[in-house]
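# Remarks on the overall topology
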Amino acid sequence: MVPQDPVMLLSFLNLKLRDFYGSLDALCEDLDLNREEILEKMKQIDYTYDEENNRFV
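I will try to describe carefully the structure that is included in this document.

The subject of this paragraph is the pattern of salt bridges. As enumerated under the stated definition, the model contains two salt bridges in all. For Asp19, the salt bridge is made with Arg18, and the minimal N-O distance between the two is 2.8 Å. A relative accessible area of 61% means that Arg18 is categorised as exposed. Here Asp25 and Arg35 are joined by a salt bridge, their closest N and O atoms 3.1 Å apart.

On to the packing of helix α1 (residues 6-19) against helix α2 (residues 24-31). Where α1 meets α2, the axes come as close as 10 Å, and the angle between the chain directions of the two elements is 105°. Compared by their axis directions, α1 and α2 come out roughly perpendicular. Across the interface between the two elements, Phe12, Leu13, Lys16 and Leu17 from α1 touch Leu24, Leu27 and Leu31 from α2. Its residues assigned to classes, the contact of α1 with α2 comprises six nonpolar, no polar and one charged.

About the criteria used
- Residues numbered from 1 in each chain as written.
- Predicted model: local features only at pLDDT ≥ 70, side-chain atom pairs only at ≥ 80, totals over all residues.
- Heavy atoms only, no water.
- Salt bridge = Lys/Arg side-chain N within 4 Å of Asp/Glu carboxyl O.
- Buried < 20%, exposed > 50% of the residue type's maximum accessible area, 1.4 Å probe, protein only.
- Axes fitted to C-alpha atoms, helices over the stretch in contact; angles between N-to-C directions.
- Helix = DSSP H or I, 4+ residues; strand = E, 2+ residues; numbered from the N terminus.
- Parallel < 35°, antiparallel > 145°, perpendicular 65-115°, else oblique.
- Contact = heavy atoms within 4.5 Å.
- Nonpolar A, V, L, I, M, F, W, Y, C, P; charged D, E, K, R; others polar.

Next up, the structure:
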């Protein structure tokens with residue numbers, strides 16, 4: 001289950017990106033998540049996806 005709270009979601013995403021996925025696209029595909037919805041939710045708390053480091057910053 002993916003957290004709905006943006007701060008909890010941030011932690012969840014960065015952990016999954018660090019430990020299991022090489023990209024946000026791979027994570028979204030595997031977990032059947034909408035990339036644009038994730039990006040928008042993270043934008044609400046002033047985080048963006050850093051492709052080079054494969055994490056939200």
